[in-house]
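Single-letter residue listing:
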Amino acid sequence: MSEVVTVFRSRLRDDAYDNGYIDRAAEMIERAKQNPGFLEHKSFTADDGERVSIVRFASPEAHYKWAGDAGHRAVQQQGRDEFYLEYSITVADVRRERAWSV
């Protein structure tokens, strides 16, 4: 099985923080970590305000289990209703990975 990487790019509404975005995001990260096959989550914000989250799962099955999680689905709807101006999701199978460090 190959590892799966999800890249979630988004822009928040001006009132997202007032609507509870930080708490919901933290809850979803903790919920994702409870799923077997979850490997890691990282988030970054660009100078222009675009946010990027990278989530890695050990297998397609682990990824799709998370994608279909009822609590996750409910918060996705809340995100569309209350948090995001826009978002895009890219899901990719890892074909190769290399790393280097001192």
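Shown above is the structure to which this text applies.
The present account deals with the structure reproduced in this document. (Residues numbered from 1 in each chain as written. Predicted model: local features only at pLDDT ≥ 70, side-chain atom pairs only at ≥ 80, totals over all residues. Heavy atoms only, no water.)

**A short note on the overall build of the chain**
- Of the regular secondary structure elements, the chain holds three helices and four strands.
- Listed by position from the N terminus, the elements making up the chain come as β-α-β-β-α-α-β.
- For the chain, the spread of C-alpha atoms along the principal axes amounts to about 40 × 35 × 20 Å.
- Expressed as a percentage of the 102 residues in the chain, the buried residues total 31%.
- Of the contacts made within the chain by residues no fewer than 6 positions apart, 77% connect residues no fewer than 24 positions apart.
- One way to put it: in the chain the 15 positive side-chain charges average out to a point 6 Å from where the 18 negative ones average out. (Helix = DSSP H or I, 4+ residues; strand = E, 2+ residues; numbered from the N terminus. Buried < 20%, exposed > 50% of the residue type's maximum accessible area, 1.4 Å probe, protein only. Contact = heavy atoms within 4.5 Å. Lys, Arg positive; Asp, Glu negative; His and termini not counted. Charge placed at Lys NZ, Arg CZ, Asp CG, Glu CD.)

**A look at the sheet that holds strand E3 (residues 51–57)**
- Pairing is antiparallel across the open sheet formed by four strands, whose spatial order is E2-E3-E1-E4. Unpaired on one side and paired on the other, strand E2 (38–45) and strand E4 (84–93) mark the two borders of the sheet. Each strand of the sheet is rotated relative to its neighbour by a mean of 15°, with strand direction disregarded.
- The sheet contact formed by strand E1 (residues 4–12) and E4 spans nine bridges and is antiparallel. Directly across from Val5, in E4, lies its bridge partner Ala92.
- Those strands touched by helix H1 (residues 21–33) are E1, E2, E3 and E4, and its axis lies near 155° from that of E2. (Pairing = 2+ DSSP bridges. Axes fitted to C-alpha atoms, helices over the stretch in contact; angles between N-to-C directions.)

**Focus on the packing of aromatic side chains**
- All chains considered together, the criterion is met by eight aromatic pairs.
- Plain terms: the ring middles of Tyr17 and Tyr21 are 5.9 Å apart, the flat faces sit at 90° to each other, and that makes the pair edge-to-face.
- Owing to a relative accessible area of 46%, Tyr17 belongs among the partly exposed residues under this scheme.
- Seen from their ring centres, Tyr84 and Tyr87 are 5.7 Å apart, and the 65° between their planes marks the pair as edge-to-face.
- Aromatic rings pair up to connect Phe8, Tyr17, Tyr21, Phe83, Tyr84 and Tyr87 into one cluster. (Phe/Tyr/Trp six-rings, centres within 6.5 Å; stacked < 30°, edge-to-face > 60°.)

No statement about biological role is implied by the geometric values presented.
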